[in-house]
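Observations on the three-dimensional arrangement
Residues per chain are reported as follows:
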Amino acid sequence: RLATGARELIEACGGGGFAFAVDAAERRALWHARHTAYWAALAAAPGKVGWPTDACVPISRLAEYVGETAKELEESGISAPLMAHATDGNAHFILLVDREDAADVARVEAANARLVARAIALGGTVTGEHGLGCGKLKHLESETGAVAVEAMRAIKAALDPEDIFNPFKLGSRHVPHAYGEAL
């Protein structure tokens, strides 16, 4: 009954593509679709790689966040399929980029910075569901402040002086470029 109500609400607001699962086989099929979405995005853009990113905003701001971001990406000529969980305000864009084209990498990198800034401005977080990642590390301070980041670095250095756990993050001596050495 709840899923039917959600579907009706989504359709009344102009949305579509709503799916839910009742039994285990249906749930597996939905999870399979979720886990293969990245590869489907790559298949739609031969020669490009996916730059997955996610951000979280308050649920009340999710439609605004997705709408503004999708409009900006379209105007920028950046293909970026979206998956979102409306129940927790999390949006996953897969920014498609030709890493051999420096201008394309710069354009996508700038778009990612704007989508992160937009999430923060709307009361959200850069970390989203999947954590920070090397690509958003430089944006952490704009969300938490310099004092918080310095405290995080001190804790990481105290607990992991060899930078073994979650390398290339807070306190690391070398952070690879998101589409350079890290891939």
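Structural data are supplied above this passage.
Below, the structure is looked at part by part. (Residues numbered from 1 in each chain as written. Predicted model: local features only at pLDDT ≥ 70, side-chain atom pairs only at ≥ 80, totals over all residues. Heavy atoms only, no water.)

Turning our attention to the sheet that holds strand E2 (residues 82-85). Spatially, E1-E3-E2 is the arrangement adopted by the three strands of the open sheet, whose pairing is antiparallel. Every interior strand has two partners, whereas the edge strands, strand E1 (49-56) and E2, have only one. Neighbour-to-neighbour, the strand axes of this sheet turn through a mean angle of 20°, independent of strand direction. Bridge analysis of E2 against strand E3 (residues 90-97) gives four bridges, and the strand direction is antiparallel. Across the sheet, residue Met83 finds its bridge partner in E3, namely His92. (Pairing = 2+ DSSP bridges. Helix = DSSP H or I, 4+ residues; strand = E, 2+ residues; numbered from the N terminus. Axes fitted to C-alpha atoms, helices over the stretch in contact; angles between N-to-C directions.)

A separate point is the pattern of salt bridges. Evaluation of the coordinates by the stated rule reveals ten salt bridges. Its salt-bridge partner being Arg61, residue Glu64 comes within 2.8 Å of it at the nearest N-O pair. Here Arg153 ties to Glu150 by a salt bridge, and the two come within 4.0 Å at their closest N and O atoms. Within this pair, Arg153 and its partner Glu150 are both found in helix H7 (residues 146-159), separated by three residues, close to a single helical turn. Owing to a relative accessible area of 33%, Arg153 belongs among the partly exposed residues under this scheme. Judged by its relative accessible area of 48%, Glu150 falls in the partly exposed class. Taken together, the salt bridges that share partners define one network made up of Glu68, Glu72, Arg114 and Arg118. (Salt bridge = Lys/Arg side-chain N within 4 Å of Asp/Glu carboxyl O. Buried < 20%, exposed > 50% of the residue type's maximum accessible area, 1.4 Å probe, protein only.)

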